[in-house]
Structure formats: structure tokens, C-alpha cells
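Listed here are the chains, written in short residue letters.
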Amino acid sequence: MRDDALVNVENLVMYFPVTAGLMRRRVADVKAVDGVSFYVRKGETLGLVGESGCGKTTTGRCILRLYKITAGNVYFKGKNLAEMGGKELRSMRRHMQLIFQDPYASLDPRMTAGDIIGEPLQVHNLVQGREYQEQIDELLRLVELEPRMAVRYPHEFSGGQRQRIGIARALAVRPDFIVCDEPVSALDVSIQTQVITLLMRLREELKLTYLFIAHDLSVVRHISDRVAVMYLGKIMEITDSDELYDNPLNPYTQALLSAVPIPDPVVDRQRKRILLTGDVPSPINPPSGCHFNPRCHMVIDICKEEEPELRNIGGEHWVACHRA
Amino acid sequence: MSIMRLIPYPPGIIVGGEIIFKGRDLLKVTEEEIRHVRGSQIAMIFQEPTTSLNPVLTVKLQLAESLMLHRGLDKQAAGEEAVKLLEIVGIPDAARKAEGYPHQFSGGMQQRVMMAMALSCNPELLIADEPTTSVDVTVQAQLLELIDNLRSQFGTAVILITHNLGMVARYVDRVNVMYAGRLMETGPTDAIFAEPRHPYTIGLIASVPRLDLPRKRKLFVIEGLPPNLARLPQGCPFHPRCVYALDRCRQEKPELLEVGKNHYSACFRSGELGDKRGLMDER
Ligand SMILES: Nc1ncnc2c1ncn2[C@@H]1O[C@H](COP(=O)(O)OP(=O)(O)OP(=O)(O)O)[C@@H](O)[C@H]1O
Ligand code: SF4
Ligand SMILES: [Mg+2]
């Protein structure tokens, strides 16, 4: 384990049971996260990308211990959350927060913005009396909203403003670590940039550490120091954000990159294209060997039998592929 | 939706203008004629495949029905053609899959069924409305390649409606940039990206992160909120968010002006806004 890691995930496994019949007999498992390891250094942003259903959200929620994890360890500030429960876990959780994709669904429509933001302060008993209102004003200003907006309800805000309220609520308890789960995916393009810029400013000012989940590779790379690429519950590659574009080594990473057009026709025309065929297989029955092998353009015999390990190939570049 | 005359009335009405398709104004033809155009000449791929496929019919039957209606095939021929279409759109094991219901298809495969539905009438115009947001990046790329192939193979005209600038750069020949229901700028794709002349277009291009540029690059932020269509400001609809707005912009609506070959922009200052880099620094 690294000394400078704020979060350290070791062989994380999260299976969801698939049940059938009246007795809700367990007939199979959704292998949402299937042996994932990485670390996030203090002050760093690690991006997590991959296609729908590959296990990004589940990974984030496991770190926050919103699930009882199937196997593996999650260290936060050196303490293993996997073994924690009850009061101890609750007090650790205050230092870790979640920002959701859908600002609509995550805010209680019957509460005012002020109460939504202030609720965690009350739950954790962090302020008294006058201070409460001051803190809410302060938090609203922090996310570039006006204190007078505290009395309004969620439906009176635009999508971008609602996401700012979600961010303010996450910041209320002064966390060290925030899992941002697709925080801009549901927003207008121009508003996306506003929120990304805000998240980056807050990271500097409040010395935050992020796990930034999204499927938009350009957005993830922009905000992250390093990027981890997931496919069907596995990590395929982790590398420095600049290295990701300049030197992707896993074939899936290469395909994913090439599927993202660059908003400049002259540059985009010159790029190599790798077109994948087929769909992502079901995580109930992932392919044997390398999970990516049925769609891989580099596949060789061993890929179908043996699972490639995530190994360090120098610097901070990790890759899981028999051919890398 | 207006082109297809699919805007429900009430509440939506098309207030004015003309929609010319093959020389005829679609707003003036009868309901029966428009139905014919809709079915057999213009097809639309909607955002959500689940809402536009019939959940209780097998995929094959849905396709066959459309083929019988629009191409006048008999039941047998329509069934065979349906499977062929599913093959064209890249559904593996099409003959067997065709017997399934929409919910048995993954999101990406449903999109392809939608494509097959759209193709069942040999459309001359295909309107793809953000065909891809609910699908995966790599599946989305497959789909757009498919649309692109159809375009070059069968000469189908395509209108791609999207907010993804990368998609625009990769797949379209000409761009219309819309804001608050109005056309802000229109021109050949290369010109729009190399020399955008409208502050909204310029801002959009400068605001999106790019994989190929240094990661630490500062993104341009278009301040303010998206337009409220029920309460549009006087003058240029973009003026409240525009960094170049003058007094005139708050009073008068700018018309589209020619700024280059086949390139038009609706902004009083387009003439001055030649070099986008100079522009951004000016702030
Ligand atoms: N509570 C749950 N019970 C059962 N299965 C689940 C549960 N949560 C997630 N899954 C399944 O686990 C897999 C991973 O889901 P997850 O939400 O982590 O993916 P994701 O990468 O976040 O996808 P997206 O990009 O669509 O948000 C999926 O197959 C999903 O259906
Ligand atoms: S291990 Fe084999 S199948 Fe997997 S990504 Fe590498 S080459 Fe492709
Ligand atoms: Mg998710």
C-alpha cells in the first residue's frame, strides 16, 4: 500500500444476487465489480471511465461503504472500511461524500435549498443556532449561488443550479474525499463547463480528493490527474491523463479513445479508428479469460483462457492485457 | 418534429414559415399526404428507442408491418426483408433475434432495431435526434458509422441533431448552430470549426475539453443560464450570456449575414470576430 494514498482499494469484489422463484432462490450473481485495485493519493483526482454497466457507480458506492462488499479491502486514511460497522463507519463516512448524476432525483423536492444543504450539518451535530444560517450562506457562496436563494425549492432552480446545491450539501460536512458520479452528464454543454470549472476550483481551495466517474472521456481526462478504464467489472488500464491519449496500451482503451471524436474536423480526420463489434456482454456471465476478448481486435489464444493481470509497466502506468 | 409534422396540436403549433421537401411545402399538404411522406420518404430516429418500439409485437412483425405498408410487400417477402434489414444494421444472429420482443434487446441493439425500422421505408431523409446518448460510446460509434455508410451507399440525406461537437466534426458536412429556437450560425463544418463567427459558436468550441490538447488548458466558460423559451429577451436571444454584446444587441434582432462562402452568422459583430483565438484573449 502506498503511504501517500488517501484511498486504497485492494481486490474489491461486489456481486449482486440474481434471485428467482417464490423463495427468492439465488440463481446467479451480477459480477458488478470483480477484483479491482487502485489508489487515490491525497489531493489527486482519479478518473473512472467505462461504458454503461461496467461497474463504475458500484465501485464508488463500495468505497463509501454504501454496500456490504463481497470481498476485498477499502482503506481510507489507512483504516480498513471493509471491516468496519456501526458508529465507527458512520464517523468515517463524514469525511467521504457523494455527488450524484441526477440533481433532480437526489434533492428532496419538499425541502428548501437551505435545508437540503444544512441537513448534514444537523445530522452530524456540527453547528448550533446562528452559526447554522451563516454556514449555509457561506456554502451557497462557495458554489457561486446567492444566500437569498436558500429559501427556494429545488424546482425553482435550473439543472446546473441544482447540481451546485448537491455540491454544497456534499461540502457541508467538510469532507476530504468526494466521489463525483457523473456530476455533469445530465447538464447542457455550456453548463457542464461551468460545473467542471467549479469542481476544479473547489478542489484547489478546499484541498479535496476526487474519484471522478463519467463515461465522457474528454471530460474525465480534463479534470483527472490519472484515469482508470473499466470494462465489465475489471480495470483494464490506469495511467496518467496525458499518457492516456498519447500512449494507450490496452486495446479496449484504444477503442474507447478512438470512439470519441475530437471537435476539430481537421484533427479528427487524421486519427486511427478502431470500430468494435457487438455489445458489452452481461456481467452475470462474463467471458472467460480476458473479459474483453470477444470484442478485441488484438485477441490471441491465451486471451480466451487466462485472465491478464493488472501490472505496472513503469511509472504509474498499469495495464491488464496479454499483449501490452 | 416540425418537419415530420409530429408536433401535437394543441399545444404546439407551427407558427409560420415553410418546410420545403423535394420542392413541396410540407406545411401545406394534406394530412394524408404528410403521412405518406412520413412513412416512406422521411424517417426519424428518436432519442428513446423504448418509447417508439411496440413492446407487444416481435421485432420481426413490427418491421414486416412497416414493409407491407410502405413497400407493398406480401407477408412472406416482408418477413424475409425484415431479417435482411436487421442484418444490415449489424444485429448478430438476426433470423433468430427477429422473433424476440424489444425488451429482450440491449439498449444498443434496440437502437439498431430503430435504425432498421427507419430503413424499412427506404427514406430519402433520415432525421437522427441525438441517436446515441443512452448508448455506450463504442456502440454509439458503430451506429453513427452505420448511418454514415447508409448515407454514402444509398444517398440518404441525414439531419443529425446533437449537442456533441465531436460528433458534428466527425460526421456532418454542414452545420446549423441553434440557440433558443433560432439559427445563430450556419456553414460548412470545416469553416464553422476553423472560423466560427458567432459568439455562441465560438464559446461552445472553446468550452469543451479536447482529448488532443494539453489537459491543463483553461476552458472558456459561457456564463449564465440556458434560455427560457417562454421569456426570451428582446434583441439577440444570446445577448444576456454574450461577452461581446453591445447596446444594439439588447434592442435589435440580428439577421443572418454572409460571412464566408455558404457561411452565415446572426450577429452584429461577426465582421470583427474573424480570428477566434484573438477573441478569447480579448476577455
Ligand atoms: N443494486 C443492484 N442490484 C443488482 N444489480 C446491480 C445493482 N447495482 C448495479 N447492478 C448491476 O451491476 C452492474 C454494474 O452497475 P453500475 O451501476 O456500477 O455500472 P456503471 O458503470 O455505473 O454504469 P452507468 O454508466 O450506466 O452508470 C450492472 O450490470 C448493473 O445492472
Ligand atoms: S488480453 Fe487479449 S483480449 Fe484482452 S485486451 Fe489484451 S489482447 Fe485483447
Ligand atoms: Mg453509474
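Residues numbered from 1 in each chain as written. Chains lettered and ligands numbered in written order. Predicted model: local features only at pLDDT ≥ 70, side-chain atom pairs only at ≥ 80, totals over all residues. Heavy atoms only, no water.

All right, on to the nonpolar core then. One finds Ile-167 and Leu-171 of chain A to be the most contacted residues of the largest nonpolar core, which totals 64 residues. Counting contributing residues per domain, this core is built from domain 1 (5-19 + 28-95 + 175-319) and domain 2 (107-172) of chain A, each supplying no fewer than three. When neighbours within four sequence positions are excluded, Leu-171 of chain A is seen to be in contact with Leu-139, Leu-142, Val-143, Ile-178, Leu-202, Leu-206 and Leu-208 of chain A. Within the second largest apolar cluster, 63 residues are counted, among which are Ala-43, Ala-98, Ala-116 and Leu-273 of chain B. (Core = buried A, V, L, I, M, F, W, Y, C linked by side-chain atoms within 4.5 Å. Buried < 20%, exposed > 50% of the residue type's maximum accessible area, 1.4 Å probe, protein only. Domains from an automatic or database assignment. Contact = heavy atoms within 4.5 Å.)

Residues and elements named next belong to chain B. Read from one edge of the open sheet, three strands run S3-S4-S5, paired in parallel fashion. In this open sheet, the two edge strands, each paired with only one partner strand, are strand S3 (42-45) and strand S5 (157-161). Between one strand axis and the next, the sheet turns through 15° on average, direction left out of account. Two strands pair when backbone bridges link them, and S3 and strand S4 (residues 125-129) are joined in this way by four bridges, in the parallel orientation. (Pairing = 2+ DSSP bridges. Helix = DSSP H or I, 4+ residues; strand = E, 2+ residues; numbered from the N terminus. Axes fitted to C-alpha atoms, helices over the stretch in contact; angles between N-to-C directions.)

Before going further, it helps to examine the site of ligand 2. Around ligand 2, the structure places Pro-251, Cys-290, Phe-292, Asn-293, Cys-296, Met-298, Cys-303, Pro-308, Cys-321, His-322 and Arg-323 of chain A. For the shell around ligand 2, the class distribution of residues is eight nonpolar, two polar and one charged. (Near = heavy atom within 4 Å. Nonpolar A, V, L, I, M, F, W, Y, C, P; charged D, E, K, R; others polar.)

This part takes up the confidence of the model for chain B. On average, residues of chain B score 82 in pLDDT, and 84% of them reach the 70 mark or higher. Our summary of model confidence lists the complex with pTM equal to 0.88 and ipTM equal to 0.87. (pLDDT = per-residue confidence, 0-100.)

Another aspect to go through is the site of ligand 1. Residue and element names in this part refer to chain A. Taken together, 13 residues lie around ligand 1, and Ser-52, Gly-53, Lys-56, Thr-57 and Thr-58 are the ones closest in. Within the backbone of Gly-53, an N or O atom sits 2.7 Å from an oxygen atom of ligand 1. Within the side chain of Thr-57, an N or O atom sits 2.7 Å from an oxygen atom of ligand 1. Out of a free accessible area of 630 Å², ligand 1 has 64% covered by protein chains. Counting only elements with at least two residues in the shell around ligand 1, the list comes to strand S2 (25-41) and helix H1 (56-63). When residues of the shell around ligand 1 are assigned to their parent elements, the largest contribution, three residues, is made by H1. Its residues placed into classes, the shell around ligand 1 shows five nonpolar, five polar and three charged. (Polar contact = N/O pair within 3.5 Å; in protein donor to acceptor, adjacent residues only side chain to side chain. Areas by Shrake-Rupley, 256 points an atom, 1.4 Å probe, with all protein chains shown as cover.)

Once that is clear, we can look at the interface of chain A and chain B. With 45 residues of chain A at the contact, the number on the chain B side is 40 residues. Surface buried jointly by chain A and chain B totals about 3800 Å² across both partners, of which 60% is contributed by carbon and sulfur atoms. Sorting the residues of chain A by area buried against chain B places His-222, Pro-263 and Asp-279 of chain A first, and these three jointly supply 17% of that buried surface. Where chain A touches chain B, the interface holds five salt bridges. (Buried area = accessible area lost by both parts, 1.4 Å probe. Salt bridge = Lys/Arg side-chain N within 4 Å of Asp/Glu carboxyl O.)

All right, on to the pattern of salt bridges then. All names here are of chain A. According to the stated counting rule, one finds 33 salt bridges over all chains in the structure shown. Between Glu-146 and Arg-148 there is a salt bridge, and its shortest N-O distance comes to 2.6 Å. Residue classification places Glu-146 among the partly exposed residues on the basis of a relative accessible area of 37%. Accessibility expressed as a relative area gives 52% for Arg-148, which makes it exposed. Among the ionic contacts, a cluster of salt bridges with common partners joins Asp-4, Arg-41, Glu-44, Arg-226 and Glu-316.

Another aspect to go through is the sheet that holds strand S5 (residues 79-80) of chain A. All names here are of chain A. In spatial order, the strands read S2-S1-S4-S5; together these four strands make up an open sheet with antiparallel pairing. Looking at the sheet topology across the chains shown, the edges are occupied by S2 and S5. Relative to strand S4 (residues 71-76), strand S1 (residues 5-20) runs antiparallel, the two sharing five bridges. The partner of Glu-10 across the bridge, within S4, is Asn-73. Against the sheet, H1 engages S1, S2 and S4, with an angle of about 115° to S1.

On to the packing of aromatic side chains, then. Per the counting criterion, the structure on display carries eight aromatic pairs over all chains. Each ring, one from Tyr-231 of chain A and one from Tyr-252 of chain A, has its centre 4.5 Å from the other, and the planes form 55°; the classification is tilted. Of this pair, Tyr-231 of chain A sits in strand S9 (residues 226-231) while Tyr-252 of chain A sits in helix H10 (residues 251-258), and the two are 21 residues apart along the sequence. Accessibility classification places Tyr-231 of chain A together with Tyr-252 of chain A in one group, the buried group. Site record: aromatic cluster; members linked through ring pairs are Tyr-231, Tyr-252 and Phe-292 of chain A. Sitting over the face of the ring of Tyr-15 of chain A, Lys-31 of chain A holds its NZ or CZ atom 5.9 Å from the ring centroid. In this arrangement the basic side chain of Arg-248 of chain B is found over the ring face of Phe-268 of chain B, its NZ or CZ atom lying 3.9 Å from the centre. (Phe/Tyr/Trp six-rings, centres within 6.5 Å; stacked < 30°, edge-to-face > 60°. Lys NZ or Arg CZ within 6 Å of the ring centre and 35° of its normal.)

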